[in-house]
Amino acid sequence: MNFKTLELTDNKLRWIDQTKLPLEVVYKISDDYNEIITAIKRLEIRGAPAIGIAAGYSFAIAAHKAQDVSEKFILNVADQLNASRPTAVNLFWAVARMVEMYHKYKDESKKVIIEELFFEAKCIHNEDIEMCLGIGKHGAELIKDGDTILTHCNAGALATGGIGTALAVIYTCKAQGKTLKVFADETRPLLQGARLTAWELQQENIDVTLITDNTAGMLMRLGKIDHVIVGADRVTANGDVANKIGTYAVAVLAKENNIPFYVAVPESTFDRSLETGDEIIIEERSSEEVTKGFGNQTAPDGVKVYSPAFDVTPAKYISYYITDTGLKKGMRE
Ligand code: MRU
C-alpha cells in the first residue's frame, strides 16, 4: 500500500484523515487521546479493525502523555473510548484487552506499565496485519481468474491495520496473477464506497467500477456479478452479521440471484457473547449527514430523518465467512 491508515510514530498516532479522501491525502498526528476519540467519532479513522487498533494505541498514548497510570485514569480512558462508536465490537475487544494488560502490570513501575501498554497496542496492530493476510489467502480460494466481485462500503486497507478484509481477498487474487473486476457500491449516505473503496482500489490498479447502491440488483439480475464480498462490524454467536447499512439488501439480492455472499471477518470481529444480531446496538448518525451530505442541502429544512449506520444480515443469507483461520461454511443453502 502506498498509504498508511494508522501508524505509531514517536509515541503519537498518525492517521490518514478519511473525511478528506479522495480529494486530498491529509495525515493527522496527535498525542492527545481526546483528539483520537474525536477522529473516531468523525470517521477520520473508521472501519471496525482500524477503530480497535486506534483504541489500543490511545491507552498507551494517554498514559505516556499524562504520565498517569492510576486505575482511575486508565478506566476513564476506557469508558470514553467505549462511548465513541457502539456497533463495531473490535473497539470493545481492544479496550478490554488493554485494560486486562493494565491490570496484569499495574503494580509495576510507571515506566514498565507504559512500555507494556505500547507493546500490547503494537501486538493488536501486528496481529491485525496477519489476520488480513490470512483472510486474503483463504478468500482467494473462492475466486477464479476473470471473476467479477461486488463489495459494499470500505473493508479495505483504510479500514484495518493491514490490507483489509473484503479487499484483502481482491489484493491477494491480484498478487496470484488473477485478473478481477470489482463493482463498488457508493454506500449512502457517507459514500465510503465512492470516496474510499474506489480510491483505494485505484491506488492498487484494480479494475473498479463505481455504482449507485440501487444499481446492484440490476447488475445481479443481468448475471454481471460472480461473488459479493463484504466486511463486518460484529458477528454474533448464531452467525448474524452487522455491517454498513445496505448490506442486508445486498445479501437478499444475492440470494435471490443465486450469487454467493461472503463476509470477510477477522477473529476480533466475532462477538460470541451475543446470541443473535437483534442484540447488537446499531449506531444512529446525525440527520445532517443525510440532508446536508458534504455541505450540499438535498432535503427540506426540518424533515424527519432516520439514519442507522449499520444493519444486520441474518446468518441464513451468508454462504461463507472468510476468516483469518480458514473458510467457514455459512447457513445459506
Ligand atoms: O461507518 P464505518 O465506515 O466505520 O463502517 C465500516 C463498515 O461497515 C465496514 O464494512 C466494517 O467496519 C468492516 S471493515 C474491515
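Below: a short report on this structure.

Scoring rules and cut-offs
The residue numbers shown here count from 1 along each chain, following its written sequence. Selection of residues for local features in this predicted model requires a pLDDT of at least 70, selection of side-chain atom pairs for listing and counting requires 80 or more, and totals for whole chains, interfaces and linings are taken over all residues. The basis for every side-chain value is the complete set of non-hydrogen atoms in the structure, without hydrogens or water. The helix and strand labels rest on DSSP assignments: H or I over at least four residues marks a helix, E over at least two residues marks a strand, and numbering proceeds from the N terminus. Definition used for salt bridges: Asp or Glu carboxyl oxygen within 4 Å of a side-chain nitrogen of Lys or Arg. Accessibility here uses a 1.4 Å probe with only protein chains present; expressed as a share of the type maximum, an area under 20% marks a residue as buried, one over 50% as exposed, and anything in between as partly exposed. Pairing between two strands is assigned when DSSP locates at least 2 bridges connecting them. Axes, fitted as lines to C-alpha atoms, cover a helix only where it is in contact. Angles between the N-to-C directions of the axes lie from 0 to 180 degrees.

This part covers unusual backbone geometry. Note that the residue after L21, namely P22, is joined by a cis bond; omega there is 5°. Here P22 shows up in the loop between β2 (12–16) and β3 (27–30). For the bond running from R188 to P189, omega is -5°, close enough to zero to count as cis. With respect to the secondary-structure elements, P189 resides in the loop between β5 (181–185) and α7 (192–203). Residue C153 is not a glycine yet carries a positive backbone phi of 65°. Mapped onto the fold, C153 is located in the loop between β4 (148–151) and α6 (166–175).

With that settled, consider the pattern of salt bridges. What the rule picks out here adds up to 17 salt bridges. We note a salt bridge from K28 to D17, for which the minimum N-O separation is 3.8 Å. With a gap of 11 residues between them, K28 in strand β3 and D17 in the loop between β2 and β3 connect regions that are remote in the sequence. Classification of K28 as partly exposed rests on a relative accessible area of 30%. In this structure, the salt-bridge partner of D147 is K144, at a minimum N-O distance of 3.1 Å. Classification of K144 by relative accessible area gives exposed; the value is 55%.

Once that is clear, we can look at the sheet that holds strand β1 (residues 6–9). Taken in spatial order, the 3 strands of this open sheet run β1-β2-β3, and their pairing is antiparallel. Both outer strands of the open sheet, β1 and β3, are each paired with one neighbouring strand and no more. Recorded for the sheet is a direction-independent mean angle of 20° between the axes of neighbouring strands. Bridge count for β2 against β3 is 4 bridges, and the pairing is antiparallel. Bridging across to β3, L13 finds its partner in S30.

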